[in-house]
Structures are given as C-alpha cells and as structure tokens.
Amino acid sequence: MEMQTANQKEAGMAPVQLTLKRKWSDTLRVTLRAVVKVKGGLWGGIFVGLMLLCAIGAQWISPSDPDAQDIAHRFAGPSFTHFLGTDYLGRDILSRIIYGCRIAIIVSFGAVTLSSIVGVFLGVISGYNEGKKLDYFIIWLFDIVRSFPQIILALAIVAVLGPSLFNVVVALAFTAFPFYGRVARAQTLSVKEADYVKAAEAMGQKRFRIILKHITPNILAPVIVCLGMDMATMIIWESGLSFLGLGVRPPTASWGIMLRNGYKYIQTSPLMILWPAVAITMAMIAFSLFSEGLRVALDPKERER
Amino acid sequence: MLKYTIKRTLWMIPTLLGVLIILFSLTYLMPGDPASAMLGPRATPELVAELNQRLHLDKAMPVRLGYYLLGVVKGDLGTSVWSGHKVSSLIAQALPHTVLLAITSLGIAAFIGILLGAFSALRRDSPIGGAVTIISLLGVAVPDFVAALLLMLLFCIQIPILPALGAGAEGDLVDVAVHLILPATALGIGWVGYLSRLMRESMLDVLDSDYIRTARAFAVPRDIITYRYALKNAVIPCITVIGLGVGKLLGGAVFVEIIFSRPGLGKLIVDAVYARDFPMVQGGILVATILFVFANLLADISYAFVDPRIQYG
Amino acid sequence: MSGPLLEVSKLTLDYRLGTRKMPALDRISFSLEKGEVLGIAGESGCGKSTLGLAIIRLLPRVAEIRRGEILFDGRDLLKLSEEQMDREIRGQKVTMIFQNPQNALNPVFRIETQMIDILRVQDKYQKSRRRKRRHNYRQQAIERLRSTGIADPSERISNYPFEFSGGMKQRVMIGMALSSGTSLLLADEATTALDVTIEAQINRLITNLAAEYGTAILYISHDLGVLSEIADRIMIMYAGRTFEMGPTEAILGSPRHPYSVALLESLPGRQSRGKRLLSIPGFVPPLDQLPGGCSFHPRCRFAEPMCSQQVPPLIEVSKGHWSSCLLDQKRGRQKWQWT
C-alpha cells in the first residue's frame, strides 16, 4: 500500500489511502485538505469546530452564567445583554445554548466512542470466527438489538436506569453498537480471504495478527464516516430524550431541556423554542456536511466523480 | 419466492426470543426494588407484597421468565399497574392511531418524495433540481420532533389555523384529517427530503445505464423508458430505505404523539415510563418492536418482488 | 437507389467536459455499401465507439458535433429530429449492439417483456395495418430467439436476464437487432466480453444472419484477428483520426501506415515462435493533449521532422486503399520494420 504517484498529486487530488507506514499527521493533513475541497465540507467543518470550541471553552465564551436567574426580566426579547433573549426564569438563552453545545458534544462523542469500540471489537471477533458458534452468537446479539426501534430502546434503558448524563450515553451507545459491529464484521470477512493475508500467512505470520494489522486501515474509513453521521443523530436523540424528561437532568442546560421548557411556554415565548431548534438543526447540518466531506475524501473511487 | 419468505421469517424467531429476553431482563436493571418503584408513593408493604405476588416478582428468575414467555405467547402482556386495565387492550386501543399517523406521513412523503426526485432527475437543467436539493437538505436536517415543535409554533400559535392537540373527533373524517396535517407533515418532511434526493440520484444513475441505452437504441418511446424501465429500477433503493425507516418513524411518532397530545402507542409507552408502569412499558415496547421487525420483513419481501434477482440469492 | 448505403463525410465532434474540449473525431470520412462489412479497428479511446454512437445519434450530452454529414440512404442523419430518428431509423433500419451483454438488458424485466416492447415499437413505426395481439408478438420474439440458436426459446423467453449467460444474452441482442428490415448493424465490440470459443460462434451468427437479410455491418473492434475473418474492408483509427482504410487483404497483406504494421505485429500468431510480441512504446495520448502534426509521431520509430509539423491528409495511395502517413505518401510503400 504505497503512496500514490506524482501523477495524482498533479491532478490536484490528494491521495488518502491509509497505510501503516505513513505518519498519522500526514494522513490527517491530507484528509482535511480533501474534505475541504468537497462543497460544504468546509462549512460543515467550520461549524463543527465552532461547536467544539463552545463545548470546551464554554465558560470563557458564554456571556453570562447559564443558571443565573433574573425573574424580573423573564421572556425578554433579544437585547444587548441577552442576544437571544431570556427564558421563563430570566436565564440568558445564548449562554444556555453555548453550554448546551457542551452537553451535545459530550453525549454524542461519548456514545459514539463507546458504541464504536464495543461494536468494532465484537464485529472483528465475530468475523474472525466465521461460522463458529461464537460468530452466530454475536450476530444474534446484533440482530436482537437492531430489532428494537432505536429511540424506544434508548428510552426504555434510561427509564429503567434513571435519567442522568451517564445513563444517556450508555443507553445511546447500546442502541448503536450493532451497526459498527456489522461493518467491522464484513470488513473482517473480506480481509480474511484476501490474498495478501494468505501470502503473509504463507510467510509464517500468525493469522490473527495479520488480520488485525490489515483490518484496521480498512475499517477506519467506513467507521470514521459512520462516526460523523452518528454524532449528528446522537445529538438529536439526546435532545429528544431530554425533551421527554428522560435525559440529562435540569437545571443542566441541554438543548433538549430548553425545548421542553419552551414547549411548556409555547404560547408565551416563541424564542424559547426557536433558538434551540435552530441550534440542533445547524448542528445536524454541520455534522452531515462534514461527514459527507469525510466520506468523499476517504473513498478513492468517489473522488473521481 | 415462498422459500425466501419462509427463510426470512424463520430467522426472526430466535431474534424475537432474544428481544423478549432483553425486555424481561430490564426489570433487573432497575435500581432498588421493582415493586416499590412501580407503586411509587402509593407503596405500602401490603400493596408491595400483593404486586410482588401478582407479577411473580418474588419467584426465581427462570420461573419468572417462564411466566413471562407463556403470557406473551397467549397474548397476555400483563396488567397495567397504573390503570388496572389489561396491557393488551390498552395497546389495541392506541395502536390504530399510531398506524394511521405512520401510514399517512410515510405514504404521502414517499409519494411526493419519489415523484419530486424522478422529476428533478428528468428535468436536469431546470432550476427545480437545485430547489429540490435545498429543500431536501433542510428537510433532512430538521429532526422530526423539532419540526413538530416549529410547526406547532407557526401554525397553531403564531398563525392559529390548525388544531394543536388531539386526534380529532372520532368518526368525523374531516376533523381527523385536519388533526393529522401537522403531525404527518412533521414526520414526513425528513422523508420527502431524503427520498427525493435518493430517487434523483438513483434515477440519474439508471438513466445512464447500458440497458436504458439499449432501449433508446431500439427507439422505445421516451415515456415507456422513463415510467416503466427506468422507474422500476430507480425505485429499488427507495423501497429499501422506506422499509428501514419505519423504525425511525416509530421513534418519531413517539415524540409527535407527545407534542400534539395524540393517542397512540408512543404516548402510551412514554406515559407508562413516567408512571413507572412497568408491565405497560414492557408490553408497549414489545409491540413496537414486533411492528418494526414486521415492517422490515415486509420491506425485504417487497424488495424481492421488485428486483427478481434477490429471491435467487 | 444507387450510391452507398452509408456515407460519412468529414465528421468532426468534441466532448465538452467542464471547460475542457476533447476532440473525439476529426474529419472522419468513409462509405459503406449495402451488405458490406466494414471493420473499424483501433486501440481504446481512438473514437471508434464514438463513431458508432454518432451514427445512431446516441451520444452523451457532453458530445458536440462540430461539422460533417452522415448520409444514410441519401439522407443526412444529423439533420433529422429525435422523433424522426426514432420513427424511421433506430431499431429498424439502423440497429446497434453493444459490448457488455451483461448490462445491456434491463435486469428487472423478463426477456419476453423487453423483446415484445421492441417488436411493438417496430410495428408501430412501420405502420403495420394488422393490430397484433400480445400472443403474436410473443411468437415473433420466440422465432427471433430461435433464429439466433437459443435452445428451447419458448421456455427461455420467460426468464430474466440474469438467468442467461453472456453469450446467450448477446444472442438475444442479435435477435432483436437483426431482422429483414435492418439495413445497417452497428456492432460495438460485440464479442469482446465473451469467451474466445463463444466469440467465434457469435461472430459467425452475426455474419450469417446479416448475409441472409442483406444487412451491412459496421463492426467496431480492437481485435484485428476477428476483423480479418469477417470484414470486407477495414478502417484503422487512432486518436480520432483515420490512419488507414482499405480492403481487408490489402490492409493485412500490404499495410501502408507504420501504426497499422505495428498493430498487426502485435497480434499473436503473426510473430514467429520464440520472438517477443511487439508492444508499441508509449501510450495513446489523452484527447486534449494531442501532439501536433501526425498524432502518432512521438511513438513512431520512423518519425521524421516533417511528421510533427504537418497533419497528414488521408490520401488514396492505391485503388480503394487510403493512408495518412506523410512518409508513405511521399516515398511510396515502405517496409516498416518495428522489430
């Protein structure tokens, strides 16, 4: 898996085949450049970066304390002190949105990481033991979890465990791991039969180590793309669960909770619903564009289009 | 054809068994004592003991599992702790509303989405293609419950022309239909967006294919090429997607029912969760899951109808 | 009606890709008599498929015809409307079969449906007085299949395309394309995707049926071996231009253009045992980076300075035999020794 020739570079397309020989920093740089080339990938990336910024640096970026109540000025419209207005307790909506970014990123990142690690791990094991009982058992597990409508399963888990940030992450991760599992399993199966695996085996390397070594780069691309889209959906579900009161607990500022409050006061203050709705939508668009850009960047065939 | 259906259905059995096992084991996840949790503030030692006995919570696990599975097979999903009615009858009352909502929104969305997609593929140069793309991006981006809230904000509060709550007076078709407009739109908007884009791409792909070129080389009339040859091939990925999407739809229906206060399976489940009515939650989720699995099965089978290559695979 | 069946003059067309313009055909001219088989030879990308598609007017949208005429039975096909092409030409007088039989048939419809649709169209445009019923069309389709050597046609006609092998699918295509009403068959690499043994059968089928119906064939192929067996005349193309054209025996026996010689020498069988197969050094230039003068000169062993300065015209160097090599035209027939 050598680096592509100079010809491709001249054609303006950066080679992004992942190999184990190249430095990760190189790969990253080249991937990012390719993503940006895709229409919208740039904007998606910028907004995602913005969200990350808000998540990490909420306390410095946010203009006010998200929990600071000011009953005298509740339901206020936009003003200089409160760019997006205030909610039913007089809290600054903009600050709550920024802190909501933090929850959104934490939940989605956590859930996606957990589910992808567990899923890929199980998927590789399953693929490696193709045909044996272990394989059938793991597939059975995947199929069971996949049979549930995802949000309903997450709902049930949080309902049983009790609403909290951690439980939300666990519940969401549980509903998502089979998808990564199946992708990983499929990759494992195809790599298993590949000629270079047989060749390496013929040279005396241990089968499992070979497969592990060759699967990782092959899996990375589809999994990373899944991650991007998944984060978007997780953000939505966290909001949904919190909207139902089955997610993060108030007074934590999550977009879902803001929507819940907004719903209660829908007749009084449209702004309470509008801003978190906009935030969620834009987060979704941003992640979609970014992961679409990632997908095109990582798929050598796609780049020909 | 039949063989394929049977094969697929048989594989469902162990899967459903697993589903039942998971639902069953949910009780074990609950922190604390299930019976007191279910009774909540009403819990007195006598009531707790009575509930324990009734729900067999005091027996060993294999026994409980046995009771549970037996009940399910008989169609008895237990009794709602909160209302005292049988779970199965409560579900039977609520289900038609959800099904109506799902079918309406999916049906209309599929119809509009597929047509829009096909149309924008055929009129490649007109601005319609661009407009469709933008609309579809927006449609996909806004999650269904957010869309529901925004629609409610716009059409019930700001411009009060549509009813916000309820499903409409039973038997009055017009009223029911009017009450369906916003919820169905909220659920369907994402689908219209997604399907129209998918259909457009699929159609463009198909129109470029070799077999369409063959048809053109033999002067097959344009409308036959488009509406028979191309459409049947292009629709295939849409059907798969629709099948897979029923699950998302069920999830979305939950929110839409809560937001618009419509009776339905989703509202039933969520209300049961609030009330810690465990048998109701279990039963509701079971039915929702069965519906989901069944819908996927149907989608798979209909896929085989459309694409004859599948059955032989 | 006297005169050749097909007369192409100075056909020039480009492919417009974004801002780039790739000249695909440059002043292609040739004629084809009724019942004659003309082989169009050349490497991939030389424009031979484009030529076929241009005649039946199925070029992709990005193709732009700059100038030229395609006279079929005296009428310029380029001036006809889409409707007229459909009504009178495509599928009836002029038919085309393509390279990849795997993809040429619609996978979700049965063979019988597709054939019946086509037969119906043919009837409609021929303004048949008799309104046939579906049953009649089905019989007709079965007969067509039978004539192409498909066993058990009445059973197989209800099959789906994926139940046929590649060779059989091509037979189906031939059955649809060749009938008594066909004057010209365009065969674009019809057997390239098939096994060698099947290839011979299919080519025999094509030539037999064509002879029976009096159909002329424009047989497009990169395989000079095949063309040597079935073509009356051969035209050799390179990068959108004609390099040599003439009767098959003349092209094979006394080729005038260095490129033709090289093509022939690279055929296995032409070389004596033990000698290496010739492979022409370099590669076919992309159409938007054509060299000046003779487009082959950078790869030609025998190139001289004038070859890069002047685009060689296509000149009749002996009766019916045309070549476009400056050196050949100026000095008469050379023996081009590549090895």
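Residues numbered from 1 in each chain as written. Chains lettered and ligands numbered in written order. Predicted model: local features only at pLDDT ≥ 70, side-chain atom pairs only at ≥ 80, totals over all residues.

Brief notes about the overall build of chain C
For step 1, the next point in the chain: A tally of helices and strands in chain C yields 13 helices and 12 strands.
For step 2, the next point in the chain: Its C-alpha atoms give chain C a radius of gyration of 21 Å, within 12% of the compact-globule value 20 Å for 339 residues.
For step 3, the next point in the chain: Dimensions of chain C along its principal axes, counting C-alpha atoms only, are 70 × 50 × 45 Å.
For step 4, the next point in the chain: Counting all 339 residues of chain C, 43% fall into the buried class.
For step 5, the next point in the chain: Counting only contacts in chain C whose residues sit at least 6 apart along the sequence, the fraction spanning at least 24 positions is 64%. (Helix = DSSP H or I, 4+ residues; strand = E, 2+ residues; numbered from the N terminus. Rg over C-alpha atoms; globule rule 2.2 N^0.38 Å. Buried ≥ 20, exposed ≤ 12 C-beta atoms within 10 Å, placed from the backbone. Contact = placed C-beta atoms within 7 Å.)

Observations concerning the nonpolar core
If you look at soluble globular proteins, the nonpolar side chains tend to sit buried side by side.
For step 1, the next point in the chain: Counting 253 residues, the largest nonpolar core has I152 of chain A together with A148 and I269 of chain B as its most contacted members.
For step 2, the next point in the chain: Once residues lying within four places of it in the same chain are set aside, the contact partners of I152 of chain A are L250, G251, V254, I269, I285 and A288 of chain B. (Core = buried A, V, L, I, M, F, W, Y, C linked by C-beta atoms within 7 Å.)

Here's the deal with the sheet that holds strand β7 (residues 184–188) of chain C
Residue and element names in this part refer to chain C.
For step 1, the next point in the chain: Taken in spatial order, the 8 strands make up an open sheet running β6-β7-β8-β3-β9-β10-β12-β11, and their pairing is mixed. The strands lining the two open edges of the sheet, one partner per strand, are β6 (94–97) and β11 (315–318). In this sheet, adjacent strand axes meet at a mean angle of 20 degrees when their direction is disregarded.
For step 2, the next point in the chain: Across 3 bridges, β11 lies against strand β12 (residues 321–323) in antiparallel orientation. Each residue of the ladder has a partner; that of I315, found in β12, is S323. (Pairing = 2+ DSSP bridges. Axes fitted to C-alpha atoms, helices over the stretch in contact; angles between N-to-C directions.)

Looking at the interface of chain A and chain B
For step 1, the next point in the chain: Facing 32 residues of chain A, the contacting portion of chain B comprises 36 residues.
For step 2, the next point in the chain: Those elements that provide at least two residues to the side of chain A that touches chain B are α6 (133–147), α7 (150–161), α10 (207–243), α11 (255–264) and α12 (270–298) of chain A.
For step 3, the next point in the chain: Classifying every residue of the side of chain A that touches chain B by side-chain character gives 24 nonpolar, 7 polar and 1 charged. (Nonpolar A, V, L, I, M, F, W, Y, C, P; charged D, E, K, R; others polar.)

Focus on the interface of chain C and chain B
For step 1, the next point in the chain: The partner chain B presents 19 residues to the 22 residues of chain C that form the contact.
For step 2, the next point in the chain: Elements supplying a minimum of two residues to the side of chain C that touches chain B: β6, α3 (101–104) and α4 (111–125) of chain C.
For step 3, the next point in the chain: Sort the elements by how many residues they give to the side of chain C that touches chain B and α4 of chain C lands first, with 4 residues.
For step 4, the next point in the chain: In terms of residue class, the side of chain C that touches chain B is built from 14 nonpolar, 5 polar and 3 charged.

Details of the confidence of the model for chain C
For step 1, the next point in the chain: For chain C, the mean per-residue pLDDT works out to 87, and 95% of the residues sit at or above 70.
For step 2, the next point in the chain: Across the assembled chains, the prediction reports ipTM 0.83 with pTM 0.73. (pLDDT = per-residue confidence, 0-100.)

Let's talk about the sheet that holds strand β1 (residues 6–17) of chain C
Residue and element names in this part refer to chain C.
For step 1, the next point in the chain: In spatial order, the strands read β2-β1-β4-β5; together these 4 strands make up an open sheet with antiparallel pairing. Across the chains shown, the open sheet's two edge strands, defined by having one partner strand only, are β2 (20–32) and β5 (75–76).
For step 2, the next point in the chain: Judged from the 8 bridges that link them, β1 and strand β4 (residues 63–72) form a sheet pairing that is antiparallel. Following the sheet pairing, V8 is matched in β4 by I70.
For step 3, the next point in the chain: Against the sheet, helix α1 (residues 48–56) makes contact with β1, β2 and β4, and its axis sits at roughly 75 degrees relative to β2, the strand it touches most.

What about the packing of α4 of chain C against helix α5 (residues 134–147) of chain C?
Residue and element names in this part refer to chain C.
For step 1, the next point in the chain: Packing of α4 against α5 brings their axes to within 9 Å, and their N-to-C directions diverge by 105 degrees. The angle between α4 and α5 places the two elements in the roughly perpendicular class. Across the interface between the two elements, E112, M115, I116, L119 and R120 of α4 pack against R134, Y137, R138, Q140, A141 and R144 of α5.
For step 2, the next point in the chain: For the contact of α4 with α5, the class distribution of residues is 5 nonpolar, 1 polar and 5 charged. (Parallel < 35°, antiparallel > 145°, perpendicular 65-115°, else oblique.)

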